[in-house]
Amino acid sequence: MLVEKLQEKFGYSEFKPYQEKIITSVMNGCDTVALMPTGGGKSICYQLPALMLDGMAVVISPLIALMKDQVDALRLHGIEAAYLNSSQSMGEQQEVIDLAREGQLKLLYLAPERLFAESGDFIAFLRGLNIALFAIDEAHCISQWGHDFRPEYLKLAVLKTQFPGIPVIALTATADKRTRKDILSKLELQNPNVFISSFNRANIHYTVVPKQDSRDKLVDFLRKRPDDSGIVYVLSRKSAEQIAGDLEASGFLAKPYHAGLDRETRQKNQELFIRDEIKIMVATIAFGMGIDKSNVRFVVHMDLPKNIEGYYQETGRAGRDGLQSDALLFFSRGDAMLLRSFVEVDNDAEQTMVMLNKLNQMVGYGESRQCRRQFLLNYFDEPHPGNCGTCDNCTTEFEYFDGTIIAQKALSAVYRLKEGFGVGYVIDFLRGSKSVRIKEWHKELKTYGVGADLSRPDWQRYMRNLIDEGYLRIDDGEFPLLKLTGKSLPVLKGQEQVMLVKVEEKKEVKAEEQPYDAGLFKALKELRYVLAKEENVPPYMIFSDRTLMELATYIPLTLEDLPKISGFGEVKLERYGERFLSSVVAYANEFNLSSSIHLKQGRRKSKRKTRKKGVSETKVATYELFKGGATIEEIATARNLTFNTIANHLEHYVATGELTASQFVPAEKITAIKAAAQTNKAGLYALKNELGDNFSYYEIKMVMAEYRREKPAEPAGEGDLFGGAD
């Protein structure tokens, strides 16, 4: 029943992770808390119950722009929705109130201030309506420990006292443990069901580069993406104006957005952006929270964000449609020094300490050589094995060297300084700095100056490397002090070798390309733009890029094929189906393309088959498609997953013997890889170096899965190369 309504109204044939459980909880009348990543489908979790239940859903949101966006999108799906906020005239507001009173709305969006205005009159008005549920969006705003505290959210506990029998669902994309606890307690929810979905945005490629020459690097980055839409975040209004002006002068379609612009200009620039009439918005953090634009392909941070939560949320504005997108951060430690004064909270030492620790975590992310995705997910208490294959650290082959002596110098310095100082002081101590900040008695210690042969930037990299590998840690107290760990002593005693990254030697690994027809995709975007102009809505509200890419991949040639494409619900099929189908058929005839819609159908059928005990359903689905004749590339497209993820699934079946390495790798390469494995016991990285560039990691992994099955005593190698999310 739920899936049928999802398909009918929104055009999706299956739920995203946790959506169905969350929706069922709400429909059972339970208070519910849902933590889901940006783009994870939070809105569906209250929109679908609103359609299924008797009555109207009231949605609390602090974002005027998002209210309008969501209401416009719902109306395109044929759903009765409206909003009430300060952007409307009194007449417009009265019209919405009348519709609600008459039971003509399924969803009503409000700002939290509206609930408590006019001495409680609005609460009284709501009590006279048939309310099905309350949804509190951006629920992290209730916590002063969060990155976006809104005092008015603290009053929302009134919902449980004034409407005790009506379920409340609180939703957020960014909340650490402390913030989650606040959401539960301050909303006074009654035995809520709590659902924490994965924070992993598998479609976003994370990259950090040095901030030096960042303007030139930005232009190079943008020139490689001439047709893509994106946001460039800066810290100051002046930077927003300057960078937007420079980009315009260089031929880019760009505009600034910041609080110093008058409201009319901000609104105009925002409209140009969401309607794809400009491609790039250069903005302070004042921009973006209220934008539901699904086809943002990149987010660039010119300056260091204040905390991981803000960075995660801002980067999460890219790729909401699930397609591959980029998050680029220009990193400089100097930004951190500048930001320290901005995060301090007057007359509140405890909160200042929390904010400084958050800033230090952000610095750690910028300097880290570990998997970026692993770092982000671990911050939100979610485990991840690393080696994601879609961040700069994981798509770069680092050359390692024996850094044991360097490590011993660093660990010894921390020990001699009694673990009482931060990274900067320890580095100055190691380099024999003459600065007055170095205490005189420290200059008498024998470790003082033993690292003078290395530059400060080199020491910063090596310190971060040692922290990433667990030989050092940063204390979470009032000051970020370096501490020894359980792994430190064996190194100090000379019992363990430490390999450090020789960062000068890097080799980028190109990502796999998705097999869709770029010409058809471009033609469909042009058609979407024309329709959006006709209907006076943003193009992404007609269809997302994901829908257009599916059309350009599977080439549906009949109206009966279109419902198999994500996004073609009942209303949109009737409204736009024939025009998009005509465009696809005309293009297919001109370029002699055939349909592969059968692959899309196969993906859905596989979901209903019985899965094998102990094997995840997603691996079974991949296996069945492969056995049906689909290639890895075709399966990756059909399932909206990466090549590496699909390869990982199939590697499992090579390991069990249900598939063979010869189905993926030429015979002569299999022989060479197995021969190398017999003599090289150092692991995957060493095998790749020995075999050379003519052998891919993918091929080596497949052969090694078979090799270990034949020789089960062999070591398991260096871990999961592909590391894709299921």
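Reading guide: rules and limits
- Residues numbered from 1 in each chain as written.
- Predicted model: local features only at pLDDT ≥ 70, side-chain atom pairs only at ≥ 80, totals over all residues.
- Heavy atoms only, no water.
- Core = buried A, V, L, I, M, F, W, Y, C linked by side-chain atoms within 4.5 Å.
- Buried < 20%, exposed > 50% of the residue type's maximum accessible area, 1.4 Å probe, protein only.
- Contact = heavy atoms within 4.5 Å.
- Helix = DSSP H or I, 4+ residues; strand = E, 2+ residues; numbered from the N terminus.
- Pairing = 2+ DSSP bridges.
- Disulfide = S-S within 2.5 Å.
- Patch = residues over 30% accessible without salt bridge, like charges linked within 9 Å, V, L, I, M, F, W, Y side chains within 5 Å.
- Areas by Shrake-Rupley, 256 points an atom, 1.4 Å probe, with all protein chains shown as cover.
- Salt bridge = Lys/Arg side-chain N within 4 Å of Asp/Glu carboxyl O.
- Axes fitted to C-alpha atoms, helices over the stretch in contact; angles between N-to-C directions.
- Phe/Tyr/Trp six-rings, centres within 6.5 Å; stacked < 30°, edge-to-face > 60°.
- Lys NZ or Arg CZ within 6 Å of the ring centre and 35° of its normal.
- Parallel < 35°, antiparallel > 145°, perpendicular 65-115°, else oblique.
- Left-handed = near helix turned anticlockwise from the far one by under 90°.
- Nonpolar A, V, L, I, M, F, W, Y, C, P; charged D, E, K, R; others polar.

Attention now goes to the nonpolar core. Formed by 77 residues in total, the largest nonpolar core has its most connected members in Leu551, Phe580 and Phe664. Apart from the residues lying within four places of it in its own chain, the contact partners of Leu551 are Leu520, Leu524, Pro556, Leu562, Ile565, Phe568, Phe580 and Val584. Residues Leu84, Phe125, Ile136 and Leu377 belong to the second largest nonpolar core, which totals 66 residues.

Attention shifts here to the pairing of strand S9 (residues 229-233). The buried fraction of S9 amounts to five of the five residues, a majority that puts the element mostly inside the structure. Side chains Ser229, Ile231 and Tyr233 project from S9 onto one buried face, and the interleaved Gly230 and Val232 project onto a second face that is buried too. Across four bridges, the pairing between S9 and strand S11 (residues 280-283) is parallel. Residue pairing across strands places Gly230 opposite Ile280, the latter belonging to S11.

What follows covers the state of the cysteines. A complete count under the given rule lists zero disulfides for this structure. Considering cysteine sulfurs only, Cys371 is the nearest to Cys388, which forms no disulfide, with 3.6 Å between them.

This part takes up a nonpolar patch on the surface. Together, Leu184, Val194 and Ile196 give the surface a local cluster of nonpolar side chains, amounting to about 210 Å² of exposed area. Its place among the elements puts Ile196 in strand S7 (residues 193-196).

Turning our attention to the sheet that holds S7. Sheet architecture is open: seven strands sit in the order S3-S4-S2-S5-S6-S1-S7, paired in parallel fashion. A single partner strand is all that each edge strand has here, and the edge strands are strand S3 (81-84) and S7. In this sheet, neighbouring strand axes are inclined to one another by 15 degrees on average, regardless of whether the strands run parallel or antiparallel. As paired elements, S3 and strand S4 (residues 107-110) share four bridges and run parallel to each other. Bridged to Ala82 within S4 is Leu108. Contacts from helix H5 (residues 90-101) reach strand S2 (56-60), S3 and S4, with the element oriented near 130 degrees to S3.

Applying the stated criterion across every chain, the model contains 21 aromatic pairs. Seen in terms of ring centroids, Phe134 and Phe163 are 4.9 Å apart; in terms of plane orientation they differ by 55 degrees. Their pairing is tilted. Placement of Phe134 in strand S5 (residues 131-136) and of Phe163 in the loop between helix H8 (158-162) and strand S6 (168-172) is noted, with a sequence separation of 29 residues between them. When the ring of Phe221 is compared with that of Phe298, the centres are 5.5 Å apart and the planes differ by 85 degrees; the resulting orientation is edge-to-face. In this pair, Phe221 sits in helix H10 (residues 214-223) while Phe298 sits in strand S12 (residues 296-301), placing the two residues 77 residues apart along the sequence. Of the two residues, Phe221 and Phe298, neither departs from the other in class, the shared state being buried. Taken together, the ring pairs in this structure connect Phe199, Tyr312, Tyr379 and Phe380 into an aromatic cluster. Above the ring of Phe695, the side-chain terminus of Lys669 is found at 5.4 Å from the ring centroid.

At a minimum axis distance of 10 Å, the contact between helix H18 (residues 423-430) and helix H19 (residues 456-468) shows a crossing angle of 125 degrees. In terms of their interaxial angle, H18 and H19 are classed as oblique. Taken as a pair, H18 and H19 cross one another with a handedness that is right-handed. In this structure, H18 uses Val423, Gly424, Val426, Ile427, Asp428 and Leu430 to contact H19, whose residues at the interface are Arg456, Trp459, Gln460 and Met463. Taken together, the residues of the contact of H18 with H19 break down into six nonpolar, two polar and two charged.

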